[in-house]
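Analysis of the macromolecular model
Here is what each chain is made of, one letter per residue.
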Amino acid sequence: MTKIDLKLLFGGLQNQMIAQLNTNRDFITHPGSKGDSLENAWIEWLQKYLPNRYSVDKAIIIDSKGNTSHQIDIVIYDNWFTPFIFSQNGFHYIPAEGVYAVFEVKPDISASSEGINNIQYAAEKIESVRKLKRTTTSIISVGQKQSPRGLTKIVGGILTSTKSGSRKNNQTLNKHLKAQVGLKSIDFGCIADYGSFFIDYEGEEDHEISDIEKRYKDFYMKRKVNEIHFSKVENSMVSFFLQLTRYLQQSIGTVAAIDLQAYSNSINEEIDKEL
């Protein structure tokens, strides 16, 4: 039986992405162009390797009340069970119900944007998505009507090329990550030339809370940081991708069915609930 060295295979994948990010960082000098280029590099990489059931784009998230999120650099979303994605001039408006994960992209995790550190900046972007109203409704499964399921978690993170400053410890980085609480809390991220990380939280969803929106927000408000884990630098991209895939497939699964009547209300129309 012929065997392949998975470590070398993963190493090749890691080197390809690192080279692409370094080229953008070293040769594109205009801040706006550099930012767009880095975002596109991450998007193209995720589009290439994630299963086709997941779409990846930059977007603004909307809800049935007309509320919107901040502009999000990377959104991983469903386009199988979410029936409408608005696109205009190459930009997407995605219903909140279809969102799996959101990421902020920055060149340097230790730098600042608009007067605040990049971790806090990313956290505020994440919060703007998580606080939107999401609907859920019953579905037909195996010929039987199933009750509306609870709201799935929206994974939030930050993706960067580098970490400036001291590389001997993570005290400042950990401090900023732990400071993001509630709907601003960060789940994981990647620093391409330093390592990926994920935050291990304590706290479970309280299924005794019947109000699904309250239950969802209660989960975020009560969870506490247990530990922050960092990968080896040589595995930064691969470990991030494996962690992302685990979140999508084992922690989230499939997004809940969207209540189309909630969106029809915005145009004062009623859709037939019984077919």
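Anything mentioned here points back to the structure above.
Structure report, in brief. (Residues numbered from 1 in each chain as written. Predicted model: local features only at pLDDT ≥ 70, side-chain atom pairs only at ≥ 80, totals over all residues. Heavy atoms only, no water.)

Moving on: the environment of Gln 180. Structurally, the position occupied by Gln 180 is in the loop between helix 4 (171-178) and strand 11 (188-191). Taking the C-alpha atoms as reference points, Gln 180 and Gly 90, 90 residues apart in sequence, are found 32 Å from one another. Gln 180 has contacts with Ile 119, Gln 120, Ala 123, Ser 185 and Ile 186, leaving out every residue within four places of it along the chain. Engagement of the side chain of Gln 180 in a polar contact is seen with the backbone oxygen of His 176, the distance being 2.9 Å. (Helix = DSSP H or I, 4+ residues; strand = E, 2+ residues; numbered from the N terminus. Contact = heavy atoms within 4.5 Å. Polar contact = N/O pair within 3.5 Å; in protein donor to acceptor, adjacent residues only side chain to side chain.)

Turning next to the sheet that holds strand 4 (residues 91-95). Sheet architecture is open: nine strands sit in the order 3-4-1-2-5-10-11-12-13, paired in mixed fashion. The open sheet has two free edges, formed respectively by strand 3 (86-88) and strand 13 (224-230), since each of these has just one partner strand. Between one strand axis and the next, the sheet turns through 30° on average, direction left out of account. Bridge analysis of strand 1 (residues 54-62) against strand 4 gives four bridges, and the strand direction is parallel. Bridge pairing in strand 4 links Ile 60 to Tyr 93. Along the sheet, helix 4 makes contact with strand 11, strand 12 (195-202) and strand 13, crossing strand 13 at roughly 140°. (Pairing = 2+ DSSP bridges. Axes fitted to C-alpha atoms, helices over the stretch in contact; angles between N-to-C directions.)

In this section: the pattern of salt bridges. Taken as a whole, this structure holds 10 salt bridges when the rule is applied. Residues Glu 213 and Lys 217 are paired through a salt bridge, measuring 3.6 Å at the closest nitrogen-oxygen approach. Note that Glu 213 and Lys 217 are positioned in helix 5 (residues 212-222) at a spacing of four residues, about one turn of the helix. By relative accessible area, Glu 213 is classed as partly exposed at 21%. Connected through shared salt-bridge partners, Glu 104, Lys 106 and Lys 125 make up one network. (Salt bridge = Lys/Arg side-chain N within 4 Å of Asp/Glu carboxyl O. Buried < 20%, exposed > 50% of the residue type's maximum accessible area, 1.4 Å probe, protein only.)

This brings us to the packing of aromatic side chains. If you walk through the whole model with that rule in mind, you get 15 aromatic pairs. Aromatic side chains Trp 42 and Phe 240 sit 6.1 Å apart centroid to centroid with 85° between the ring planes, which places their arrangement in the edge-to-face category. Linking Trp 42 in helix 2 (residues 31-49) with Phe 240 in helix 6 (residues 236-252), this pair joins segments that are 198 residues apart in sequence. Residue class for Trp 42 comes out buried when judged on its relative accessible area of 0%. Relative to Tyr 220, the ring of Tyr 216 has its centre 5.2 Å away and its plane inclined at 75°; by these criteria the two rings are edge-to-face. In this pair, Tyr 216 and Tyr 220 are both assigned in helix 5, four residues apart and thus about one turn of the helix distant. With respect to burial, Tyr 216 and Tyr 220 carry one shared label: buried. Members of the aromatic cluster, each reached through a chain of ring pairs, are Trp 42, Trp 45, Tyr 49, Phe 103, Phe 188, Phe 240, Phe 241 and Tyr 247. The cationic tip of Arg 134 hangs over the ring face of Tyr 216; the distance from NZ or CZ to the ring centre is 4.6 Å. When the ring centre of Phe 219 is taken as reference, the NZ or CZ atom of Lys 153 above it lies at 4.7 Å. (Phe/Tyr/Trp six-rings, centres within 6.5 Å; stacked < 30°, edge-to-face > 60°. Lys NZ or Arg CZ within 6 Å of the ring centre and 35° of its normal.)

Below, the discussion takes up the side chain of Arg 223. Note on placement: Arg 223 falls in the loop between helix 5 and strand 13. Side-chain polar atoms of Arg 223 contact the side chain of Ser 185, separated by 2.8 Å. Dropping the residues within four chain positions of it, Arg 223 is found in contact with Arg 130, Ser 185, Asp 187, Tyr 201 and Glu 202.

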